[in-house]
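# Architecture and fold: a report
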Amino acid sequence: MRATTIHAPFDMRVQDVPDAAVQHPTDAVVRVLRACICGSDLWAYRGESARKPGQRIGHEFLGLVEETGADVSGLRRGDLVVAPFMWSDGVCDYCREGLTTSCEHGGFWGSEGSDGGQGEAVRVPFADATLVRLPGDAASDDRLLSALLTLSDVLGTGHHAALGAGARPGATVAVVGDGAVGLCAVLAARRLGAERIIALGRHQGRTDIARRFGATDVVAERGEAAVEAVRELTRGQDAHAVVEAVGTEQSMRTALGVARDGGAIGFVGVPHGSGTGLDLGVMFDGNIALRGGVAPVRTYIPELLPDVLDGTIDPSPVFDRTVGLEEVPDGYRAMDERTALKVMVTP
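Residues numbered from 1 in each chain as written. Predicted model: local features only at pLDDT ≥ 70, side-chain atom pairs only at ≥ 80, totals over all residues. Heavy atoms only, no water.

With that settled, the discussion passes to the overall build of the chain. Each helix and strand in the chain was counted, giving 12 helices and 18 strands. For 347 residues, the compact-globule formula gives about 20 Å, and the C-alpha radius of gyration of the chain, at 20 Å, lands near that figure. Across its three principal axes, the chain shows a C-alpha extent of roughly 60 × 40 × 35 Å. Out of the 347 residues in the chain, the part that is buried amounts to 57%. Of the contacts formed within the chain by residues at least 6 apart in sequence, a portion of 69% connects residues at least 24 apart. (Helix = DSSP H or I, 4+ residues; strand = E, 2+ residues; numbered from the N terminus. Rg over C-alpha atoms; globule rule 2.2 N^0.38 Å. Buried < 20%, exposed > 50% of the residue type's maximum accessible area, 1.4 Å probe, protein only. Contact = heavy atoms within 4.5 Å.)

In structure tokens:
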């Protein structure tokens, strides 16, 4: 079968690889209908996170069950399913507590030795616990498939950030970052009832989506200028809830700078850079909480799925370019050059 592999910085290839196949009784094989490129994939693309030459890549996909192991009882061939970006066994202490990303037997698609989502098919460990079945008729609805694909990562990650920040009815929420996760955090904050949502971003195409998703204000400045702009918008009160969806030192400094005393920062940007941007003294004096990390999206899918299915929320606009599997390297270039927000892949 064909799948995307990474060989060196900026060297993505689509190659023949061994067919995905059941290896354990709890496995399933999923034929991929939709996948996508994540902003976090760009760190490997740019050489900022290590990968072995030829390693598979991609962690967001949905598709049809092709085959199941002998112990899989909740799925059958032909089921339409979405996969969260990590697999999990569903029975360990962490899974029972809802922290599926810390599963004792879990793993990440595209990690060494595993299949990646940017390919024709994927072997899914612990299929009953990992995969979530979707209505079969969604397979013929392109817009709905796009929206459902966000459940594999960005929508659940934005929701995780909004929860960590304490988005709630009546709150003012500031979202630092205009990537797909930041935009989904805007959508999540609106869904959670936030009264005012301030999107911090400089790219009009993206901030237009933020407004469509529920942002009431947009701040295009960066650094101290952004902090002052938020302060002016809030008449010196800052934001009750702040989402940090970038992961750089500057973005964390901005997030801390716009957080109201007694507020919280929900951070989901994969950290990269020389420092954290956090001043514990400022956090201590202002009683500012910090919550977040790797989003347990498998836990959130059952909550978010009904709202996607009935159109209460529609995250599909985060996809602004679609490529075939053989064109995935072009998709990486487009996202790296910021000519695309998020690229969807149709194998």
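Moving on from the model shown.
This paragraph deals with helix H12 (residues 328-336). All of the buried residues in H12 are Val-328, Pro-329, Gly-331, Tyr-332, Ala-334 and Met-335. Elements that come into contact with the buried residues of H12 comprise strand S1 (2-8), strand S2 (11-16), helix H1 (41-45), strand S17 (321-324) and strand S18 (343-346). A positive backbone phi angle near 60 degrees is found at Arg-338, which sits one or two residues after H12.

With that settled, the discussion passes to the packing of helix H4 (residues 142-149) against helix H11 (residues 297-309). At a closest axis distance of 10 Å, the pairing of H4 and H11 adopts a crossing angle of 160 degrees. Regarding the angle of H4 to H11, the classification is roughly antiparallel. Judged by the twist between their axes, the crossing of H4 over H11 is right-handed. Side by side, H4 and H11 meet where Leu-144, Ala-147 and Leu-148 of the first sit next to Leu-305, Val-308 and Leu-309 of the second. Split by residue class, the contact of H4 with H11 holds six nonpolar, no polar and no charged. (Axes fitted to C-alpha atoms, helices over the stretch in contact; angles between N-to-C directions. Parallel < 35°, antiparallel > 145°, perpendicular 65-115°, else oblique. Left-handed = near helix turned anticlockwise from the far one by under 90°. Nonpolar A, V, L, I, M, F, W, Y, C, P; charged D, E, K, R; others polar.)

This next bit is on the sheet that holds strand S14 (residues 239-244). Spatially, six strands are ordered S13-S12-S11-S14-S15-S16 in an open sheet, and the strand pairing comes out parallel. Only two strands of the sheet have a single partner each, and these edge strands are strand S13 (217-219) and strand S16 (289-292). Going from strand to strand, the sheet's axes swing by 20 degrees on average, the running direction of each strand aside. Of the pairings in the sheet, the one linking S14 to strand S15 (residues 259-267) comprises five bridges and is parallel in character. Across the sheet, Glu-244 pairs through a bridge with Phe-267, a residue of S15. With respect to the sheet, helix H5 (residues 154-165) is in contact with S14, S15 and S16, its orientation differing from that of S15 by roughly 155 degrees. (Pairing = 2+ DSSP bridges.)

Time to look at the pairing of S2. The two faces of a sheet get side chains in turn, since along a regular strand they alternate between them. Summarising the sheet, S1 and S2 pair through six bridges and their orientation is antiparallel. For Thr-4, the partnering residue across the bridge sits in S2 and is Val-14. Between S1 and S2, which follow one another and run antiparallel, lie two residues, and Phe-10 among them has a positive phi close to 65 degrees.

Note on sheets: strands pair through backbone hydrogen bonds, and any given pair is parallel or antiparallel. If you walk across this open sheet you meet the three strands as S2-S1-S4, and the pairing is antiparallel. Because the sheet does not close on itself, it has two edges, and the strands there are S2 and strand S4 (55-56).

All right, on to the nonpolar core then. Core analysis: the biggest nonpolar cluster contains 54 residues, and Leu-62, Leu-80, Leu-148, Leu-151, Leu-155, Val-308 and Val-318 have the highest contact counts within it. For this core, the element with the highest residue contribution is helix H6 (residues 180-191), accounting for nine residues. Each residue touching Leu-151, except ones within four places of it in the same chain, is listed here: Val-82, Val-297, Ile-301, Leu-304, Leu-305 and Val-308. (Core = buried A, V, L, I, M, F, W, Y, C linked by side-chain atoms within 4.5 Å.)

The next point concerns the side chain of Thr-101. Counting through the fold element by element, Thr-101 comes out in the loop between helix H2 (93-96) and strand S8 (107-108). Ignoring any residue separated from it by four or fewer positions in sequence, one finds Thr-101 in contact with Phe-85, Met-86, Val-294, Ala-295 and Pro-296.

Attention now goes to the packing of aromatic side chains. One pass over the full model with this rule turns up five aromatic pairs. Their ring planes at 70 degrees and their centres at 5.3 Å tell us that Phe-61 and Trp-109 sit as a pair that is edge-to-face. Placement of the pair is Phe-61 in strand S5 (residues 61-68) and Trp-109 in the loop between S8 and strand S9 (121-124), with a sequence separation of 48 residues. For Trp-109, a relative accessible area of 1% gives the class buried. Measuring from centroid to centroid gives 5.0 Å for Trp-87 and Trp-109, while their planes differ by 55 degrees, and the two rings are tilted. One end of the pair, Trp-87, is in strand S7 (residues 86-87); the other, Trp-109, is in the loop between S8 and S9, with 22 residues separating them in the sequence. There is no split in this pair, since Trp-87 and Trp-109 are both buried. Clustering of aromatic rings is evident, with ring pairs tying together Phe-10, Tyr-45 and Tyr-332. (Phe/Tyr/Trp six-rings, centres within 6.5 Å; stacked < 30°, edge-to-face > 60°.)

The next subject is the state of the cysteines. In a disulfide, the sulfur atoms of two cysteines are covalently bonded to one another. Taken as a whole and assessed by the stated rule, the structure comprises zero disulfides. Summary of cysteine pairing: Cys-36 is not part of a disulfide, and the nearest cysteine sulfur, belonging to Cys-38, is at 7.2 Å. (Disulfide = S-S within 2.5 Å.)

Inspection of the secondary structure puts Met-335 in helix H12. Separated by 296 residues in the primary sequence, Met-335 and Gly-39 have C-alpha atoms spaced 7.7 Å apart.

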